[in-house]
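Examining the three-dimensional arrangement
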Amino acid sequence: MIGYILRRLAQSIVVVLVVTIIVFILLHQLPGGAARAILGPRATAVQIAEFNQQNGYNRPLFIQYFTTLGQWLSGNFGFSVKLNQSVSSLLVQRLPKTIILSLLSLLLTVIVAVPLGIYQAVHRNKSFDYIATGLSFIFYAAPTFFIGLIMIEIFSQNLGWFPPEAPQSNGVGPIFQDFSGMVLPVVTLALLSIAGFSRYMRSSVLDNIDQDYVRTAKAKGATSTRVLYHHVLRNAMIPIITLLGLSLPALFAGALVTESIFNFPGMGLLFWQAAQASDYPVELGVVIITAFATVAGNLLADVSLAVIDPRVKL
């Protein structure tokens, strides 16, 4: 197991390095380079030349890359001219909130989607299965902003159960003190994943429920409940665990829109505001952190998969 984890860790480090190289090259492919992106379209040629001289952007490309990589590894992602604040401090303020939003929506997704998929598989081709399948397709196809606006219209404007905005605070403590403001963002983000996860869970259980080991267990006198939860569920969860690791990029993409709709001050809203203001250092910092989180999520999924299915380590 340790050898497998070390191999996967080495592969993940290579992937992160490749991502940083791609991001760095894209930076220099912009018209005017990083200076133009940071100083804005009105910057003169003299200002761009002075900026490149002060920040070392006139040095050879590979030296610039290793210098920038060293700064990223030390947590230095530059300075936001638009917000007059270091990018690192912005990420420290916003990242925990997006992590909380993503983890809560992922937890809600697993709590709802796994039992739903199992129930649909056990009662396949019944009325509930058809209704749940239809709703899954609707939520799977609906865009995030549409679901968010519908949630605000129904549960905030008409029923008045929840506020239309998420808690506005600099820390994470007030989020839990005023949790009613988190309900709509969490549910909106979770609905997108529940549809897909429940479909995967249903298919995975159906693939295992007719296998020979299930018939053998039943022939030995095991009850249907024991066969389902002690034999089928363990094998059926293997693709779901993989899907959990791969869902991090999708959660961030969903968080970007969800945070914008509910004015939730997380990484998604920060990226959206930075994109509108052409605040390139902030965009770059968010992209690097997201890439790192994606690779870390895949690594965690691979290790979890190896724990459940020892064949993966071979």
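Residues numbered from 1 in each chain as written. Predicted model: local features only at pLDDT ≥ 70, side-chain atom pairs only at ≥ 80, totals over all residues. Heavy atoms only, no water.

Compared with the 21 Å implied by 1.5 Å per residue over 15 residues, the 22 Å span of helix 6 (residues 127-141) between its first and last C-alpha is a close match. The complete set of buried residues in helix 6 reads D129, A132, T133 and S136. Considered in projection along helix 6, the buried side chains sweep an arc of 105° and stay on one side of the axis. Turned more than 90 degrees off the buried face of helix 6, the exposed positions are S127, Y130, I131, I138 and A141. Packed against the buried residues of helix 6 are helix 5 (87-122) and helix 9 (180-209). (Helix = DSSP H or I, 4+ residues; strand = E, 2+ residues; numbered from the N terminus. Expected span 1.5 Å × (residues − 1). Buried < 20%, exposed > 50% of the residue type's maximum accessible area, 1.4 Å probe, protein only. Arc of directions from axis to C-beta. Contact = heavy atoms within 4.5 Å.)

Let's shift gears to the side chain of R202. Looking at the secondary structure, you find R202 in helix 9. Those residues within four positions of R202 in sequence are excluded, and the remaining contacts are G117, Q120, A121, R124, N125 and D129.

Look at helix 7 (residues 144-158) against helix 9: their axes get within 10 Å of each other, and the N-to-C directions meet at 140°. Relative to helix 9, helix 7 is oriented oblique. Note on packing geometry: the crossing formed by helix 7 with helix 9 is right-handed. Seen from helix 7, the contacting residues are T144, I147, G148, M151, I152, F155 and S156; seen from helix 9, they are L184, V187, T188, L191 and L192. By residue class, the composition of the contact of helix 7 with helix 9 is eight nonpolar, four polar and no charged. (Axes fitted to C-alpha atoms, helices over the stretch in contact; angles between N-to-C directions. Parallel < 35°, antiparallel > 145°, perpendicular 65-115°, else oblique. Left-handed = near helix turned anticlockwise from the far one by under 90°. Nonpolar A, V, L, I, M, F, W, Y, C, P; charged D, E, K, R; others polar.)

Another point: unusual backbone geometry. Working note: non-glycine residues mostly have negative phi, and peptide bonds are mostly trans. Look at N125: it is not a glycine, yet its phi comes out positive at around 60°. Tracing the chain through its elements places N125 in the loop between helix 5 and helix 6.

Overall, the prediction assigns the chain a mean pLDDT of 79, with 90% of residues at 70 or greater. Confidence scores differ between elements of the chain, with helix 2 (residues 33-39) showing the lowest mean pLDDT of 68 and helix 7 the highest of 88. (pLDDT = per-residue confidence, 0-100.)

Right, let's talk about helix 4 (residues 61-73) for a bit. Between the first and last C-alpha of helix 4 there are 18 Å, a value that for 13 residues agrees with the 18 Å anticipated at 1.5 Å per step. Taken together, the buried positions of helix 4 are Q64, Y65, T68, L69 and W72. Seen along its axis, helix 4 keeps its buried residues to an arc of 130°; they face one direction. Opposite the buried face of helix 4, at more than 90 degrees from it, the exposed residues are F66 and L73. G75 occupies a position one or two residues after helix 4 and carries a positive phi of about 85°.

What follows concerns the side chain of T20. Among the structural elements, T20 can be located in helix 1 (residues 2-29). For T20, a relative accessible area of 4% puts it in the buried group. Among the polar contacts listed, one links the side chain of T20 to the side chain of Y65, at a separation of 2.8 Å. Apart from residues no more than four positions distant in its own chain, T20 is found in contact with Y65, L69, W72 and I288. (Polar contact = N/O pair within 3.5 Å; in protein donor to acceptor, adjacent residues only side chain to side chain.)

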